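# Summary of structural features
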Amino acid sequence: MKRFAVLVVVLVLGILIGGMFFSRSLPRSLLAAPSCDGNCFKPADIAGLLMSAGIALAPGALPGVITESERCIGIQHWKPEGRYHVAFFPKRDVRNIMELAPEDAPYLLECLALARGHVGAAGFKNYRLVSNGPDLQHVSYFHFHVIAK
């Protein structure tokens, strides 16, 4: 009986902590809904949801953080395409460019300012600033890449 009580307490704590981590994330259809068209369980969507929760609640706990401001976080890319590859994520849950709204502008501008600061400090002349569309994203969360060869 004691073991059962402990299991119930752990379950309730898990639900509460999970609810806290995902409370500020945009609702996303991950569980079967007829309108999913077979894309409900894409890994990029799950990664985007986890990234949203991490950025909102524990940005310092994310791996590879190299810079952070009030509205943006820069993370060393886990599969770099060049000698410098940093992804800049606005601290606002936006899946892709088609979901951008006017109130997202300060977050995007702050990400561009952080990227500019890193490019300028490193003195890069041969770099790309890119953002991928939904089907090219590994993480369904709008972000910019700065890639220097």
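What counts, and where the lines are drawn
Residues numbered from 1 in each chain as written. Predicted model: local features only at pLDDT ≥ 70, side-chain atom pairs only at ≥ 80, totals over all residues. Heavy atoms only, no water. Helix = DSSP H or I, 4+ residues; strand = E, 2+ residues; numbered from the N terminus. Contact = heavy atoms within 4.5 Å. Areas by Shrake-Rupley, 256 points an atom, 1.4 Å probe, with all protein chains shown as cover. Buried < 20%, exposed > 50% of the residue type's maximum accessible area, 1.4 Å probe, protein only. Pairing = 2+ DSSP bridges. Axes fitted to C-alpha atoms, helices over the stretch in contact; angles between N-to-C directions. Patch = residues over 30% accessible without salt bridge, like charges linked within 9 Å, V, L, I, M, F, W, Y side chains within 5 Å. Salt bridge = Lys/Arg side-chain N within 4 Å of Asp/Glu carboxyl O. Disulfide = S-S within 2.5 Å. Phe/Tyr/Trp six-rings, centres within 6.5 Å; stacked < 30°, edge-to-face > 60°. Lys NZ or Arg CZ within 6 Å of the ring centre and 35° of its normal.

Okay, the overall build of the protein next. Across its full length, the protein holds three helices and five strands. Listing the helices and strands of the protein from first to last along the sequence gives α-α-β-β-β-α-β-β. Within the protein, counting contacts between residues at least 6 apart in sequence, those at least 24 apart form 53% of the total. Working note: accessible area of the protein is about 9,300 Å², and carbon and sulfur atoms make up 65% of it.

Moving on, we come to the pairing of strand β2 (residues 72-76). It is a general feature of regular strands that their side chains alternate between the two faces of the sheet. The buried fraction of β2 amounts to four of the five residues, a majority that puts the element mostly inside the structure. Bridging between strand β1 (residues 65-68) and β2 involves three bridges; their strand directions are antiparallel. Paired with E68 across the two strands is I73, which belongs to β2. Linking two consecutive strands that pair antiparallel, namely β1 and β2, is a turn of three residues. As judged from the five bridges shared by β2 and strand β3 (residues 84-90), these two strands associate in the antiparallel manner. Paired with C72 across the bridge in β3 is P90.

In space, the five strands of this open sheet follow the order β1-β2-β3-β5-β4, with antiparallel pairing throughout. Where the open sheet ends on each side, the last strands, each with one partner, are β1 and β4 (127-130). Averaged over all adjacent pairs, the angle separating strand axes in this sheet is 20 degrees, with direction ignored.

Here we take up a nonpolar patch on the surface. Taken together, the side chains of L109, L112, Y127 and L129 define a hydrophobic patch exposed on the protein surface, amounting to about 370 Å² of accessible area. For the nonpolar patch, the secondary structure elements donating two or more residues are α3 (105-122) and β4. For L109, the location among the structural elements is in helix α3. In this structure L109 comes out as exposed when scored by relative accessible area, which is 57%.

Before going further, it helps to examine the state of the cysteines. Evaluation of the coordinates by the stated rule reveals one disulfide. Residue C72 pairs covalently with C111 via a disulfide, S to S 2.2 Å. As the torsion about the S-S bond is roughly 110 degrees, the C72-C111 disulfide counts as right-handed. Highlighted residues: C72 in strand β2 and C111 in helix α3, separated in sequence by 39 residues.

In this fold, I147 is placed in strand β5 (residues 144-148). With relative accessibility at 2%, the residue I147 sits in the buried group. C-alpha separation for the pair I147 and V86, spaced 61 residues apart in sequence, amounts to 6.7 Å.

What follows is about the packing of aromatic side chains. Inspection of the entire model under this criterion finds three aromatic pairs. With 5.4 Å between their ring centres and 70 degrees between their planes, F142 and F144 make a pair best called edge-to-face. Stacked on the ring of Y107, the Lys or Arg R71 has its end atom at 5.7 Å from the ring centre.

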